[in-house]
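Single-letter residue listing:
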Amino acid sequence: MDALVETRSLRVALVGVPNCGKTALFNRLTGSRQKVANYPGVTVERREGERIGDDGRVLRVLDLPGTYSLHPTTLDEAITRDVLLGRLAGVPAPELVVCVVDAVHLPIGLRLALEVKRLGLPMVLALNRMDVARRRGVGIRVEQLAAALGVPVVPTVAVRRGGADALIGILDPARWPQGAPVAAVGAQIGAAEAERLQHDMRALLAASGYSPPRDNPWFARIDALLLQPFAGLLALLAILFVMFQAVFSWAQAPMDWIEAGMAALGDLVATHMPPGPVADLLVQGVIGGAGTVLVFLPQIVILFFFILALEDSGYLPRAAYLLDRLMGFVGLSGRAFIPLLSSHACAIPGIMATRTIPNWRDRLTTIMIAPLMTCSARLPVYLLLIGALIPAHKVGPFNLQGLVMFILYAIGILSGVLVSFVVKQFGGARQYSPLMLELPDYQWPNAANLLLGLWERVKIFLSRVGGIILALMIVLWILSTWPAPPEGATGPAIQYSLAGRLGAMLEHVFAPLGFNWQISIALVPGLAAREVAVGALGTVYAMSAAGDDLAAQLQPVIAGSWSLATGLSLMAWYIFAPQCLSTLAVVKRETNSWRYPLIMAGYLFALAYLAAFITFRVASAWG
Amino acid sequence: MAQLLIVAIIGTWAALFAAWKLMPARSRLRLLLALDGWAAARPKLSAWRTRSLKPRIARAAGGGCDGCAAHDTAHRPR
């Protein structure tokens, strides 16, 4: 049976330069749900998918990280080379390589294709984005190119339905031999070899009758503005500002709907279930805890809509280029921009994306400051506190709440800059590592990619709410409920529970920061993941109110019981606190040492305590 | 009493699930391998081992990054 399966399957690897549409083609081939972006270096992780043909034959498709050469300068590129050479433990060498080349920028892709072909593996060349190439007047004679290169060449349009049918037709496992010898590839490319590659590439271009794309005058005009050091930075700030304004202005109605839905659900459960611990668990623990986090879904969707649209439009690599010099002043490489931007979604992919930074010191600095970027897990906390404590006034044309959100993001970025500057002062001389980026053409964001990306984010958020957050809320509810209050007790039941006692102990530690016992309790499960603290506050306050339906009304409760100084202090705490165990685990994995996660946790806790203390004292003094 | 029992079961499940989710990938893999070793000595569990445990181990092994080239120590100062 195993032998039968083996003969009916084919291991295919997709290889190509960054931004050639390789990931879109992978999605087209496998139906896999993977984020598609168009800035270099996005495919950091290994992605594998399957395609089962009508005859039962299986294609196992591996989406390799984008690379310009098989002579790597970054860890990503090293992974691609090692997989192709069969050197990577647990990943057998592919039996067929599909080299994906952007037809609009054929020369760059052909150079890599020539390198791959020299490995001796069976290969197919996919000429992707042929629709754009035709529109822009690119001339390629496909048959002549195939004859000159000596491999099948197939035009594809990965983002269009049916755009990869010709390629799928050629990937018949019966047509390709199983296994093939590979040539050795050295660590460095020699001058003679580079010249030979260049010569061969030019010969191929000539043989295929290649004519380059017409320049788009609009792209040049837009770049003249967006890449200009001063005007470009202003444009970047304006884009970010509009993004945060929209998060607050557009999300209100759907948030109200979710809030009303959760309240109605709570009422429904309370009405239809017999009173007792199970009904209490559902209303206070599940709906009151996880439901409080769910309310922030619309704001998260709007934020990621902007980020994904900017990715897809081709703007992000330009932002990286724009910031390279500025980042150099504080000891960072321009390559750090994309990992740091990714960290605004979650520090974990951001830290993993630092593999594209070749210099170890630059990479370590980027890893150390990645948790300072405002990740989406902090969003529910910020949104809760801003909604509760900051009035929705207009400041000129701006929404004050959006302005505060922008400031919180800006403080996170500035803190990263300052920490990086300090590391630069104490870390010795920095080796210069120039930034080389391919600036993709501008394009309207692809609606399908955008929706797919948003759906991915929604799924991640919902799976966290329905998974780890829900589980921790249930545990916290139990800790907040038992033991029951003694006879004749007058205070809220939670004060006598295990969680209440723990909160009372922690309150001594956090009292100088203005945190009450409810916040102190919420910080404990919040250590696992930041947004859990919001659900924990929902549970704790629902419990404190001894049965009142507060599940969907946490903001008014906070507004009524916390001072502004306490709220600001908690925001300051969350800018710095390393309350994410997964991030620390990934830092350990990426640096292969416990030293760096411990240093990170230590310095972030110290900064968090100091910032919250100063914020509380200053805000209290100002009344 | 029955309600308390249900809450206790749900609470235990939630605590185990949270601990599992928060566990580092490498520890999770080690635990699965230990479980596999224990189950290997029990023929009655062989179907569960093949159907459920083995795919889980394969997924956990793929999720970890320790085996990949990103851990090439040549990129780190010694």
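Residues numbered from 1 in each chain as written. Chains lettered and ligands numbered in written order. Predicted model: local features only at pLDDT ≥ 70, side-chain atom pairs only at ≥ 80, totals over all residues. Heavy atoms only, no water.

**So, the overall build of chain A**
- Counting its secondary structure elements, chain A contains 26 helices and 8 strands.
- Counting every position in chain A, which comprises 623 residues, the buried fraction comes to 56%.
- Restricting the contact set of chain A to residue pairs at least 6 apart, pairs at least 24 apart contribute 75%.
- Roughly 25800 Å² of accessible area belongs to chain A as shown, and the carbon and sulfur atoms make up 65% of that amount. (Helix = DSSP H or I, 4+ residues; strand = E, 2+ residues; numbered from the N terminus. Buried < 20%, exposed > 50% of the residue type's maximum accessible area, 1.4 Å probe, protein only. Contact = heavy atoms within 4.5 Å. Areas by Shrake-Rupley, 256 points an atom, 1.4 Å probe, with all protein chains shown as cover.)

**Brief notes about the overall build of chain B**
- For chain B, the count of helices and strands is 3 helices and 0 strands.
- The helix and strand sequence of chain B, counted from the amino end, reads α-α-α.
- The buried share of chain B, taken over its 78 residues, is 18%.

**Comments concerning the pattern of salt bridges**
- This model, assessed by the stated rule, comprises 9 salt bridges over all chains.
- Residue A:R81 is joined to A:D82 by a salt bridge in which the shortest nitrogen-to-oxygen separation is 3.1 Å. The two residues A:R81 and A:D82 agree in class, both being buried.
- Ionic pairing is found between A:R129 and A:D102, a salt bridge with its closest N-O pair at 2.8 Å. Within this pair, whereas A:R129 is found in the loop between β5 (123-128) and α5 (130-135), its partner A:D102 is found in strand β4 (residues 96-102), the two being separated by 27 residues in sequence. Grouping residues by exposure puts A:R129 and A:D102 together as buried.
- In this structure, a network of salt bridges that share partners links the residues B:D36, B:R49 and B:K54. (Salt bridge = Lys/Arg side-chain N within 4 Å of Asp/Glu carboxyl O.)

**Points about helix α6 (residues 142-149) of chain A**
Residues and elements named next belong to chain A.
- Every buried residue belonging to α6 is among V142, L145, A146 and L149, and all of these are buried. An end-on view of α6 places all buried positions within 100 degrees of arc, on one side of the element. Exposed positions of α6 whose direction lies more than 90 degrees from the buried face are E143 and A147.
- Those residues of α6 that are buried are in contact with α4 (106-117), β5, β6 (153-155) and α8 (191-207).
- Just past α6, the residue G150 takes up positive phi, approximately 80 degrees. (Arc of directions from axis to C-beta.)

**So, the sheet that holds strand β1 (residues 9-16) of chain A**
Residues and elements named next belong to chain A.
- The strand order across the open sheet formed by 6 strands is β2-β3-β1-β4-β5-β6, and the pairing between neighbours is mixed. Each end of this open sheet is capped by a strand with a single partner; those strands are β2 (47-52) and β6. Neighbouring strand axes in the sheet, compared pairwise and without regard to direction, differ in orientation by 25 degrees on average.
- Here 6 bridges tie β2 to strand β3 (residues 58-63), and the two strands are oriented antiparallel to one another. Bridge pairing in β3 places I52 opposite V58. (Pairing = 2+ DSSP bridges. Axes fitted to C-alpha atoms, helices over the stretch in contact; angles between N-to-C directions.)

**Focus: unusual backbone geometry**
Residues and elements named next belong to chain A.
- Here W482 and P483 are connected by a cis peptide whose omega angle stands at -5 degrees.
- Position of P483 relative to the elements: it lies in the loop between α19 (447-481) and α20 (498-510).
- In this structure, R129 takes a positive phi of about 60 degrees despite not being glycine.

**Topic: the side chain of A:R129**
Residue and element names in this part refer to chain A.
- Accessibility expressed as a relative area gives 18% for R129, which makes it buried.
- Among the polar contacts listed, one links the side chain of R129 to the side chain of D102, at a separation of 2.8 Å.
- With sequence-adjacent residues up to four places away left out, R129 is seen in contact with C20, D102, A103, V104, T156, D441 and Q443. (Polar contact = N/O pair within 3.5 Å; in protein donor to acceptor, adjacent residues only side chain to side chain.)

**Some thoughts on the nonpolar core**
- By size, the foremost hydrophobic cluster in this structure holds 126 residues, and its most contacted members are A:L570 and A:W573.
- With 67 residues, the next largest nonpolar core counts A:V17, A:L59, A:A126 and A:A158 among its residues. (Core = buried A, V, L, I, M, F, W, Y, C linked by side-chain atoms within 4.5 Å.)

**Observations concerning α19(A)**
- The terminal C-alpha atoms of α19(A) lie 48 Å apart, and with 35 residues this matches the ideal 51 Å at 1.5 Å per residue to within 8%.
- The principal kink in α19(A), of about 40 degrees, is found at A:I469. (Expected span 1.5 Å × (residues − 1). Bend = angle between axes of the 7 residues up to and from the residue.)

**Some remarks on the confidence of the model for chain A**
Residues and elements named next belong to chain A.
- Per-residue confidence for chain A gives a mean pLDDT of 80, with 88% of residues at or over 70.
- Of all helices and strands in chain A, the one with the weakest mean pLDDT is helix α1 (residues 2-7) (44), whereas helix α26 (residues 595-621) scores best (93).
- Low pLDDT (under 50) marks residues 1-6, which in the prediction has 3 contacts with non-local residues, meaning those over four places away or in another chain.
- Predicted confidence for residues 33-44 stays below pLDDT 50, and this span has 61 contacts to residues more than four positions away or in other chains. (pLDDT = per-residue confidence, 0-100.)

**Overview of the environment of A:C580**
Residues and elements named next belong to chain A.
- Mapped onto the elements, C580 comes out in the loop between α24 (564-576) and α25 (581-591).
- By relative accessible area, which is 12% here, C580 ends up buried.
- When the C-alpha atoms of C580 and P371 are compared, they prove to be 9.0 Å apart, with 209 residues separating the residues in sequence.

**Examining the state of the cysteines**
- On inspection of all chains with the given rule, the structure shows 0 disulfides over all chains.
- You can see A:C20 has no disulfide; the closest cysteine sulfur is in A:C99, sitting 7.8 Å from it. (Disulfide = S-S within 2.5 Å.)

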